Amino acid sequence: MMKKAVQLFKHKAFDLRWALLSGILVGTSYIPFPPWALLFCYVPLWISVTDSNSLSLKRTFWSGWLTQFVLSAIGFHWIAYTAHEFGAMPWIISYAALLLFCAFMHLYIPAAAVAGVWLQRKFQLSRIQALFSIALLHALLERVWPVIFDWHLGYTLIGAHIPAYQWADVIGFAGLSALILLGNAWVGSIWLSFREKRQGLMQLGALTVVVVLLIASGNFHKEPWDHFDREFKTTLIQANIGNSEKIQAEQGRGAQEFITRKFTSMTLEAFAKFPDTDLFVWPETAFPDYLDQRLLARKHTQILASALTGLDRPILAGAYSRSPVLDPHRDEATFNALFLIDAKGNNLDAPYLKTNLLAFGEYLPFSEKFPILLKWLPFISNFGRGTGPRALAWNREMESIHLGGQICYEGLDARFSRGLAEENSDILVNVTNDSWFGRTFEPKQHMYMTLARAIETRRPLIRSTNTGISTVIWANGDLQQTSPIHEEWAGQFTVKYRKDAPMTAYVKWGHFDWIVLLLALSGIVLTGVLHARSRRP
């Protein structure tokens, strides 16, 4: 019995070897790794499942499932650390949470494979048509599949500084991901075509030319954005507040004054070092209390105003806001917010209230329809939700600069940043607290995924974090200095920009490229149907 079980395991493992290989290739080609297998990472999986003589739909699913499990375990291993640090779970439970994440979060990968193979068999598509069908289905599904950390292969281009990412102002990084997936399908078709050596070599040459042109043209495409007509200097304050202090402050257990004084003292030290600073930026929830104008008499706001006496510069600060309408004892009355204030705490504009909340960290899913869940799980935060993208007006030198605020997770939402561009934001400002992720892959992944919004909208982006990585990127894609991770740090940046910059093609209509992908998929299926009919007797 044992011998049969071992033989069965070996047989199954051998059948899934290509799926395992794809998982490794994808996982080791994503940020922070160099994208060494970017153009062929999915090829082993797709080649294996489109062999009509080998796999059933069930086994196609399990092949795709193994690929997504392996790549998730490699690229998102930090889920275990975060569950332990943020959720205060024992390590054994934290690793169980990681396994659940790997098992279920990226099921669009096997779903695309199954749907592509079904189309292949239903409409008698060739293997090459099936490869491109899977790539198109994958590109479409990854845009709508509900995930916690919205990633795709397009981000690898900016992470590796490959100039092709400059085309994101036309088709977005989701569009670049679609091109990479289609490139994988093309590589797969070349592999199959090498049976006819000449045809395979011609396709390989054509693919090489396309890739080189896409990369080289990126440098030329960005040139119009190398010109600026305005600039100012900003200093980012990275106080490196530990998680225990953050929790104590949120629960009102005594760390609020310590945090307030740390930020104020670091700001004054930075001002002495960089006296030409025009704007200071503090990260998400840096000020551990409310900063609403009507609540400035509170203890910690008074400490802030007293400590910053003599500072005549505005501060863009993450803090909390309390609704003047809702019962203050309700969780929904408190908002994660971004304030533009002077050194006395006076609001220079109405605060931006965070709209896209993090599931289980800032709200309990389904609690709006089923309030009983809040009673069953009272330890889960349930912040109020803002009303959408909004720019804060900073009146400087007889001119108003519009600062489009993103709080943490919102920087991953391309639609949200398009909304900020449509609100006439001159600058995007992302404030973040990544302290819950330690020194894992996440800080670098999160940084590049956020910086991508600057290219799509062609607005410079300021990123201020509690523990790193803090930086600035200009609209032309030039990344400035980056802060160290988990160190106290203050750095000054020159932010160059164009006042009232035009809307990019991506903001206006490029995000509708899914229609082109859907038409291409329909065209493949229709071609297969017509070809099948032509072969009927």
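> How would you explain the packing of aromatic side chains if you had to name every residue and give the values?
Taken as a whole and judged by the stated rule, the model has 25 aromatic pairs. In textbook terms, an aromatic cluster arises when at least three aromatic residues are bridged by ring pairs, as seen for Tyr 30, Phe 76, Trp 78, Phe 101, Phe 149, Trp 151 and Phe 437. If you follow Arg 498 out to its NZ or CZ, it ends over the ring of Trp 225, 4.8 Å from the centre.

> Tell me about unusual backbone geometry, and please be specific about residues and values.
Geometrically, the link from Ile 31 to Pro 32 is a cis peptide bond, its omega value of 15° lying close to zero. Relative to the elements of secondary structure, Pro 32 occurs in the loop between helix H2 (17-27) and helix H3 (43-49). Unlike most non-glycine residues, Arg 458 shows phi in positive territory, near 55°. Among the structural elements, Arg 458 can be located in the loop between helix H17 (442-457) and strand S9 (461-465).

> Account for the environment of Ala 286, with residues named and values stated.
The topology assignment puts Ala 286 in the loop between strand S2 (279-281) and helix H14 (299-307). On a C-alpha basis, the gap between Ala 286 and Phe 194 in space is 58 Å, while along the polypeptide they are 92 residues apart. Setting aside its immediate chain neighbours within four residues, Ala 286 contacts Ile 259, Phe 263 and Gly 318.

> Requested: an account of the pairing of strand S4 (residues 334-341), with residues and values cited.
Counting buried positions along S4 gives 8 out of 8 residues, so the element sits mostly inside the fold. Side chains Thr 334, Asn 336, Leu 338 and Leu 340 project from S4 onto one buried face, and the interleaved Phe 335, Ala 337, Phe 339 and Ile 341 project onto a second face that is buried too. Inspection of the sheet shows strand S3 (residues 315-322) paired to S4 by 8 bridges, in the antiparallel sense. Paired with Ser 321 across the bridge in S4 is Phe 335. Note: S4 against strand S5 (residues 352-353), 2 bridges, orientation antiparallel. Across the sheet, Ala 337 pairs through a bridge with Leu 353, a residue of S5.

> Break down the sheet that holds strand S1 (residues 230-238) for me, citing the residues and quoting the values.
In spatial order, the strands read S5-S4-S3-S2-S1-S12; together these 6 strands make up an open sheet with mixed pairing. Taken across any chain shown, the strands that pair with only one partner, and hence form the sheet edges, are S5 and strand S12 (489-497). The sheet contact formed by S1 and S12 spans 9 bridges and is antiparallel. Counted as the bridge partner of Glu 231 is Lys 496 from S12.

> Kindly report on the packing of H2 against helix H4 (residues 57-75), identifying the contributing residues and their values.
The interhelical angle for the contact between H2 and H4, taken along N-to-C directions, is 30°, at an axis separation of 7 Å. In terms of orientation, H2 lies roughly parallel with respect to H4. Seen along the crossing, H2 lies across H4 with a hand that is right-handed. Facing H2, whose interface residues are Ala 19, Leu 20, Ser 22, Gly 23, Ile 24, Val 26 and Gly 27, H4 presents Ser 63, Leu 66, Thr 67, Val 70, Leu 71 and Ile 74. Split into classes, the residues belonging to the contact of H2 with H4 amount to 8 nonpolar, 5 polar and no charged.

> Quick one: what's the story with the sheet that holds strand S10 (residues 471-473), residue by residue and with numbers?
With mixed pairing, 6 strands are arranged side by side in an open sheet as S6-S7-S8-S9-S10-S11. Edge positions in the sheet fall to strand S6 (391-396) and strand S11 (479-482), since each of these pairs with one other strand and no more. Neighbour to neighbour, the strand axes of the sheet diverge by 20° on average, direction disregarded. Relative to strand S8 (residues 427-432), strand S7 (residues 399-407) is paired through 5 bridges, and the arrangement is parallel. Across the sheet, residue Gly 405 finds its bridge partner in S8, namely Val 429. Sitting on the sheet, helix H16 (residues 414-422) is in contact with S7 and S8, with an inclination near 170° to S7.

> How would you explain the side chain of Glu 442 if you had to name every residue and give the values?
In this fold, Glu 442 is placed in helix H17. Buried charged residue Glu 442 carries no salt bridge. Nearest counter-charge: Arg 463, at 5.9 Å. Sequence-distant contacts of Glu 442, defined by excluding residues within four places in its chain, comprise Trp 78, Phe 149, Asp 434 and Phe 437.

> Tell me about helix H12 (residues 243-250), and please be specific about residues and values.
Turning to H12, its buried residues number three or more, namely Asn 243, Lys 246 and Ala 249. Taken around the axis of H12, the buried residues stretch over an arc of 125°, which confines them to a single face. Elements in contact with the buried residues of H12: helix H5 (78-85) and helix H13 (256-273).

> Give a detailed account of the environment of Met 449, specifying residues and quantitative values.
Mapped onto the elements of the fold, Met 449 is located in helix H17. The buried category is assigned to Met 449, whose relative accessible area is 0%. Distance in space between the C-alpha atoms of Met 449 and Trp 91 is 28 Å, their sequence separation being 358 residues. The residues touching Met 449, leaving out its near neighbours within four places in the chain, are Tyr 30, Phe 149, Asp 150, Trp 151, Tyr 155, Gly 411 and Leu 412.

> Go over the pairing of S11 with me, naming the residues and quoting the values.
Inspection of the sheet shows S10 paired to S11 by 2 bridges, in the antiparallel sense. Within S11, the position partnered with Ile 473 by the bridge is Leu 479. Between S10 and the antiparallel strand that follows it, S11, lie 5 residues; Gly 477 among them carries a positive phi value of about 95°.

The rules behind each value
Residues numbered from 1 in each chain as written. Predicted model: local features only at pLDDT ≥ 70, side-chain atom pairs only at ≥ 80, totals over all residues. Heavy atoms only, no water. Phe/Tyr/Trp six-rings, centres within 6.5 Å; stacked < 30°, edge-to-face > 60°. Lys NZ or Arg CZ within 6 Å of the ring centre and 35° of its normal. Helix = DSSP H or I, 4+ residues; strand = E, 2+ residues; numbered from the N terminus. Contact = heavy atoms within 4.5 Å. Buried < 20%, exposed > 50% of the residue type's maximum accessible area, 1.4 Å probe, protein only. Pairing = 2+ DSSP bridges. Axes fitted to C-alpha atoms, helices over the stretch in contact; angles between N-to-C directions. Parallel < 35°, antiparallel > 145°, perpendicular 65-115°, else oblique. Left-handed = near helix turned anticlockwise from the far one by under 90°. Nonpolar A, V, L, I, M, F, W, Y, C, P; charged D, E, K, R; others polar. Lys, Arg positive; Asp, Glu negative; His and termini not counted. Salt bridge = Lys/Arg side-chain N within 4 Å of Asp/Glu carboxyl O. Arc of directions from axis to C-beta.

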